[in-house]
Amino acid sequence: MKDPAILAFLEACLQEDIGAGDLFERLVSPKEVKAVVIAKQAGVFSGHLYADMLLEHMGIKRVWHTQDGAPLKPQEILLEMCGDYALLLKIERVLLNLLQHSSGIATHTARFVALLKGLPVRLLDTRKTRPLLRVFEKYSVRNGGAQNHRLGLDDALMLKDTHLAHIGDLKTFMQRARTQIPWTAKIEIECTSIAMAKEVMQVGADIIMCDNMSVEDISQVVAYRNGHYPLVLLEASGNITQENILEYAQSGVDALSSGSLIHQAVWVDMSMKLGS
C-alpha cells in the first residue's frame, strides 16, 4: 500500500525537476529500453522504500538486487529497470538523488554503529535535519542501524537551556507539564553539570541529556542515577565523534545522540546506465 505522505513527497521531487515538462521528451519517439543502477563505491544501501514507490508511480518495471540496510560493493548492480527511454531519463536524477543521499546517511551511521558493537547503548539521531527531509533522513538513519530520537516537537517535551532560562521554578513547571501534555509523552531535560542533573532527577524528569559534559562528569551522573533514580534514562550528546564515541558509550549512559549522523554524511556515488 502506497504511503500518501511519501507519494506526495515524491511528486514534489519530480515537480521540482521536471517543471512544466521535460524538453527532451518532445524530441524523441517512444522506445522501450533497459537500464541499471550501479554502485560506484562501498557503503550501506538505503532508499529502496522511496525509490520503489517512485518507479511504481511512474509505471516503470523493475527488479531489485538489494534491500535497505544491505552492504554495497563497487560496480554492484542494485536495480534493473525497463521502461520508455525518455521516461527513464526524466526520472534519473530524482531516483539517484534519493538513493545516493539516503545511502550516504546509512553508510555514515553504520560506521558509528560498528564502533558500538556489543555495548548496551543506543545510538540516536537528532532534529538537525534538512527542511522537509526529516522523515526521509531519519528513515535513512534506521537503515544504517541507529535509532531515531523524537521526530518533532509534538512527540516528547524537551527542555533545553533556552527553555530553562525563562521557566523559573522548575518543580512547579514540571507539575503543570504533567497535567498538560499527553500522559504517554516523556519529558527530557538538557543538563550541563552534575548538580543540574541531580536537581532534574529530583523534580521528575524521564530523560536527562548530558550535554557537552565530560566523560568523567557523565560517569558521576550515571552513578547517582543508578543509586537513586534507576528508572531515569540518560543520554549523552554534544561533539560525539567516531574518535570518542566508545569512551562516551562506556560511561554507562543509555543512549548517545549525534546530529552528525545526518548533517555530516556524504552521498554514496551511483550511476544509471541505459542498455538497448
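This one's a predicted model, so the numbers in the text were calculated from it and none came from an experiment.

A word on the pattern of salt bridges
Part 1 of the argument: In total, this model carries 9 salt bridges according to the counting rule given.
Part 2 of the argument: With a closest N to O distance of 2.9 Å, Arg62 and Asp52 form a salt bridge. Linking Arg62 in strand E3 (residues 61-64) with Asp52 in helix H2 (residues 48-57), this pair joins segments that are 10 residues apart in sequence.
Part 3 of the argument: Classification of Arg62 by relative accessible area gives partly exposed; the value is 29%.
Part 4 of the argument: Here Asp52 falls in the buried class, since its relative accessible area comes to 18%.
Part 5 of the argument: Via salt bridges that share partners, Asp52, Glu56 and Arg62 belong to a single interconnected network.

Topic: the environment of Val63
Part 1 of the argument: Summarising the element assignment, Val63 is placed in strand E3.
Part 2 of the argument: Sequence-wise, Val63 and Leu79 are 16 residues apart; in three dimensions their C-alpha atoms are separated by 5.8 Å.
Part 3 of the argument: Every residue in contact with Val63, bar those within four places of it in the chain, is listed here: Leu78, Leu79 and Glu80.

Topic: the sheet that holds strand E12 (residues 270-274)
By definition, the strands of a sheet pair up through backbone hydrogen bonds, in either a parallel or an antiparallel sense.
Part 1 of the argument: Taking strand neighbours across the sheet as the criterion, the 4 strands line up as E3-E5-E1-E12 in an open arrangement whose pairing is antiparallel. In this open sheet, the two strands that pair with only one neighbour each are E3 and E12. Across the sheet, the mean angle separating the axes of adjacent strands is 15 degrees when strand polarity is ignored.
Part 2 of the argument: The sheet contact formed by strand E1 (residues 32-39) and strand E5 (residues 77-84) spans 7 bridges and is antiparallel. From the neighbouring strand, Ala35 faces E5, where its bridge partner is Met81.
Part 3 of the argument: The strands touched by H2 are E3 and E5; relative to E3, the strand with the most contacts, the crossing angle is about 155 degrees.
Part 4 of the argument: With respect to the sheet, helix H3 (residues 85-115) is in contact with E1, E3, E5 and E12, its orientation differing from that of E12 by roughly 160 degrees.

Points about the UniProt feature "domain: Quinolinate phosphoribosyl transferase C-terminal" (unreviewed entry) in the chain
Part 1 of the argument: Within this numbering scheme, the UniProt entry marks residues 105-273 as carrying the feature "domain: Quinolinate phosphoribosyl transferase C-terminal" (unreviewed entry).
Part 2 of the argument: Regarding residues 105-273, the helix share stands at 40% and the strand share at 17%, and the terminal C-alpha atoms are separated by 24 Å.

Description of the packing of aromatic side chains
Part 1 of the argument: By the definition in use, this model includes 8 aromatic pairs.
Part 2 of the argument: Geometrically, the ring pair formed by Phe9 and Tyr50 is edge-to-face, given 5.8 Å between the ring centres and 90 degrees between the ring planes. One end of the pair, Phe9, is in helix H1 (residues 4-18); the other, Tyr50, is in helix H2, and 41 residues separate them in sequence. Each member of the pair, Phe9 as well as Tyr50, is classed as buried.
Part 3 of the argument: With a centroid separation of 6.0 Å and 55 degrees between ring planes, the pair formed by Phe45 and Trp64 is classed as tilted. Of this pair, Phe45 sits in the loop between strand E2 (43-44) and H2 while Trp64 sits in strand E3; the two residues are 19 residues apart in sequence, bridging distant segments of the chain. There is no split in this pair, since Phe45 and Trp64 are both buried.
Part 4 of the argument: Three or more aromatic residues link up through ring pairs in this structure, and these residues are Phe9, Tyr50, Phe136 and Tyr139.

Overview of the pairing of strand E10 (residues 233-237)
Part 1 of the argument: For E10, the buried fraction is high: 4 of the 5 residues fall into the buried class.
Part 2 of the argument: For strand E9 (residues 207-211) and E10, the ladder comprises 5 bridges, and the chain directions are parallel. Of the residues in E10, the one forming a bridge with Ile208 is Leu234.
Part 3 of the argument: The parallel pair E9 and E10, bridged by helix H8 (residues 215-228), forms a crossover whose chirality is right-handed.

What counts, and where the lines are drawn
Residues numbered from 1 in each chain as written. Predicted model: local features only at pLDDT ≥ 70, side-chain atom pairs only at ≥ 80, totals over all residues. Heavy atoms only, no water. Salt bridge = Lys/Arg side-chain N within 4 Å of Asp/Glu carboxyl O. Helix = DSSP H or I, 4+ residues; strand = E, 2+ residues; numbered from the N terminus. Buried < 20%, exposed > 50% of the residue type's maximum accessible area, 1.4 Å probe, protein only. Contact = heavy atoms within 4.5 Å. Pairing = 2+ DSSP bridges. Axes fitted to C-alpha atoms, helices over the stretch in contact; angles between N-to-C directions. UniProt positions renumbered as here; feature names shortened; annotations may be inferred. Phe/Tyr/Trp six-rings, centres within 6.5 Å; stacked < 30°, edge-to-face > 60°. Right-handed = clockwise from strand over helix to strand, strands pointing away.

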